[in-house]
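Given next are the chains, with one letter for each unit.
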Amino acid sequence: MTTHHRTAVLIACKDGEPTIGATARSAAEQADVYVVSDGSTDGTAREARLAGATVIERSESGGKPEALRSLMTAYELDKRYDYIVVLDDDTTISPDYIGLLVAVLDADERIAVASGRIDSLTTHARRWNPYIAMRAFMYWSYQVTIKRGQNALHVVNVICGANSAFRAPLFGELVRLDAPYAIDDMFWLAEIARRRLGRVAYVHDAKSWTIDPHTFRDWYRQTVRWSWGQFQSVRGHRLGMPIRRDRRSAIGIRFSWFDLAYLALLVDWIPYMLEPFAFFPVAYFLRSWINPLWLLLAYVGTTMVWISVGAIALRRPRLVLLAPAIFALDLVYRMTMLHAFLKAVFRPRVDHCRWDSPERFELTQPPATAPARAPAPAPAPAHTTSSTF
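Residues numbered from 1 in each chain as written. Predicted model: local features only at pLDDT ≥ 70, side-chain atom pairs only at ≥ 80, totals over all residues. Heavy atoms only, no water.

J.: Explain the side chain of Gln232 to me, please; I cannot follow it from the model alone.
T.: As for its placement among the helices and strands, Gln232 is situated in helix H10 (residues 216–237). When its relative accessible area of 1% is taken as the criterion, Gln232 is described as buried. If sequence neighbours within four positions are ignored, Gln232 has contacts with Pro180, Tyr181, Ala182, His237, Ala344, Arg347, Pro348, Arg349 and Val350. (Helix = DSSP H or I, 4+ residues; strand = E, 2+ residues; numbered from the N terminus. Buried < 20%, exposed > 50% of the residue type's maximum accessible area, 1.4 Å probe, protein only. Contact = heavy atoms within 4.5 Å.)

Structure follows, in structure tokens:
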């Protein structure tokens with residue numbers, strides 16, 4: 001069986017007419033594509049069908065997890081395919097993307113999920129947008145350091161909800177559970193980790209692109225929601241505890257390298273969040289040993305150097321000119337993490353995962369995509385669910 005017919009791509013979408021066509025076309029040469037239009041009021045379903053996808057239309061919106069569940073149930077995808085790839089409706093993938101992920105999954109049965117690199121899409125009119133520039137820099141910085149390092153140690157602690165491939169039976173099991181956190185993939189990762197269902201692999205050579213927020217309101221809300229979901233998973237599944245009781249163990253405890261790596265990341269987050277508040281008190285108490293101005297210059301200087309390295313690596317020299325905006329947004333990002341932490345304290349669970357997508361712009365020429373090919377014929381679903389969260 002070819003990779004194309006071993007893999008199904010699932011895309012849940014609500015009012016994604018400007019982007020769904022490009023997303024589906026980028027995957028249709030590589031796998032059978034299934035789209036659920038979750039209560040859309042625009043031409044989402046029409047554009048998805050034109051791109052070669054099999055489409056379910058739901059009359060009422062229930063959120064991403066419920067939408068994906070309806071696709072799995074209607075077509076029994078976990079029984080018909082080896083792998084399930086979940087894409088966001090504004091994510092496009094390179095022509096070899098799915099093949100690279102499947103090769104990694106085929107090579108090691110201990111890997112439960114694989115995801116590739118992600119970068120920010122922009123348009124000529126938005127090439128100077130500071131929010132897109134900030135997100136592009138953050139993606140690069142995180143992936144080239146933490147994520148590649150974690151992958152080398154087999155302790156990747158994030159499933160990218162925009163571009164990940166799951167083993168089909170595992171995804172069928174996960175998607176049937178109600179996700180009690182603001183981000184569904186944070187819940188899926190926590191379940192995989194706690195139930196020891198496998199590990200996550202990061203495939204740096206597999207490239208994808210996504211649309212990121214280009215207004216402050218959308219950028220702030222999405223950033224808070226991402227961190228909120230992560231803090232919820234830390235609290236709800238007690239992630240970051242490397243030593244746990246385990247009656248099945250001969251010594252009554254179990255050690256987890258994954259949780260040790262997660263703990264290290266949490267320890268890193270604390271000074272990152274508090275650094276803006278701590279700078280002036282630290283500078284004041286150290287004033288007799290070092291001029292506070294030199295501390296400030298060192299902090300700004302190292303940040304500027306790292307942004308310049310990112311600009312070279314991404315081949316986006318304008319990031320250097322946008323560095324003051326990126327620097328300012330980095331300070332705001334720390335505030336979003338504190339905001340998200342407090343939300344997790346007072347709202348550790350949610351009743352339902354609801355759609356909260358940022359404003360999209362039309363994708364007319366996504367990079368490195370292949371022409372569409374219609375997927376293999378699929379049997380009609382026994383029924384189309386329509387429910388609300």
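What follows continues from the structure just given.
J.: In this structure, what is going on with the pairing of strand E8 (residues 199–211)? I would like to understand it.
T.: Both faces of the sheet carry side chains from a regular strand, because those side chains alternate between them. Of all 13 residues making up E8, 11 are buried, and the element is well covered by its neighbours. Sheet topology note: the strand E5 (residues 91–93)/E8 ladder contains 3 bridges and is antiparallel. The residue bridging Ile93 from the neighbouring strand is Ser208, located in E8. In the sheet, strand E6 (residues 111–121) pairs with E8 via 10 bridges, with the strands oriented parallel. Note that in E8 the partner of Val113 across the bridge is Val200. (Pairing = 2+ DSSP bridges.)

J.: Just checking my understanding: could you explain the pattern of salt bridges for this structure?
T.: When the charged atoms of two side chains lie near each other, side chains of opposite charge can form a pair. Counted by the stated rule, this structure contains 23 salt bridges. With a closest N to O distance of 3.4 Å, Arg69 and Asp178 form a salt bridge. Here Arg69, found in helix H4 (residues 64–75), pairs with Asp178, found in the loop between helix H8 (168–175) and helix H9 (184–194); they are 109 residues apart in sequence, far enough to count as distant. Taking relative accessible area as the criterion, Arg69 reaches 14% and is therefore assigned buried. When its relative accessible area of 57% is taken as the criterion, Asp178 is described as exposed. Bridged by salt links that share partners, the residues Asp38, Arg58, Glu66, Arg69 and Asp178 form one connected network. (Salt bridge = Lys/Arg side-chain N within 4 Å of Asp/Glu carboxyl O.)

J.: Just to check I follow, could you spell out the side chain of Arg316 for this structure?
T.: Considering the arrangement of structural elements, one finds Arg316 in the loop between helix H12 (292–314) and helix H13 (318–321). If we ignore the near neighbours within four places in the chain, the residues touching Arg316 are Asp119, Ser120, Ala136 and Ala311.

J.: I tried to follow the sheet that holds strand E1 (residues 7–13) on my own but got confused; where do I start?
T.: Sheets are built from strands paired through backbone hydrogen bonds, the pairs being either parallel or antiparallel. What the 8 strands build is an open sheet, ordered E3-E2-E1-E4-E7-E6-E8-E5; its pairing is mixed. Of all the strands in the sheet, the pair left with one neighbour each is strand E3 (54–58) and E5. Across the sheet, the mean angle separating the axes of adjacent strands is 25° when strand polarity is ignored. Inspection of the sheet shows E1 paired to strand E2 (residues 32–38) by 6 bridges, in the parallel sense. The residue of E2 that forms the bridge with Ala8 is Asp32. Set on the sheet, helix H2 (residues 17–28) makes contact with E1, E2, strand E4 (83–87), E5 and E8; between it and E5 the angle comes to about 25°. Across the face of the sheet, helix H7 (residues 130–152) comes into contact with E6 and E8 while running at roughly 150° to E6. (Axes fitted to C-alpha atoms, helices over the stretch in contact; angles between N-to-C directions.)

J.: Looking at this structure, how should I read helix H11 (residues 257–285)?
T.: Three- or four-residue spacings in an α-helix give side chains the same orientation, since the helix completes a turn every 3.6 residues. Considering bend angle alone, the principal kink of H11 is centred on Glu275 and spans about 65°; proline Pro276 follows within four residues of it. On the buried face of H11, the contacting elements are H7, H9, H10, H12 and helix H14 (323–346). Of the residues that open H11, the one with a side-chain oxygen 3.4 Å from the backbone nitrogen of Phe258 is Ser256. (Bend = angle between axes of the 7 residues up to and from the residue. Polar contact = N/O pair within 3.5 Å; in protein donor to acceptor, adjacent residues only side chain to side chain.)

J.: Help me understand the packing of H4 against H8 in this model?
T.: Think of two packed helices as two axes; the pair is described by the angle between the axes and how far apart they sit. It is the contact of H4 with H8, at a shortest axis distance of 10 Å, that shows an interaxial angle of 130°. Relative to H8, the element H4 is oriented oblique. The interaxial crossing formed by H4 with H8 has left-handed handedness. Contact residues: H4 offers Pro65, Leu68, Arg69 and Met72, while H8 offers Phe171, Gly172 and Val175. Across the contact of H4 with H8, the residue classes tally to 5 nonpolar, 1 polar and 1 charged. (Parallel < 35°, antiparallel > 145°, perpendicular 65-115°, else oblique. Left-handed = near helix turned anticlockwise from the far one by under 90°. Nonpolar A, V, L, I, M, F, W, Y, C, P; charged D, E, K, R; others polar.)

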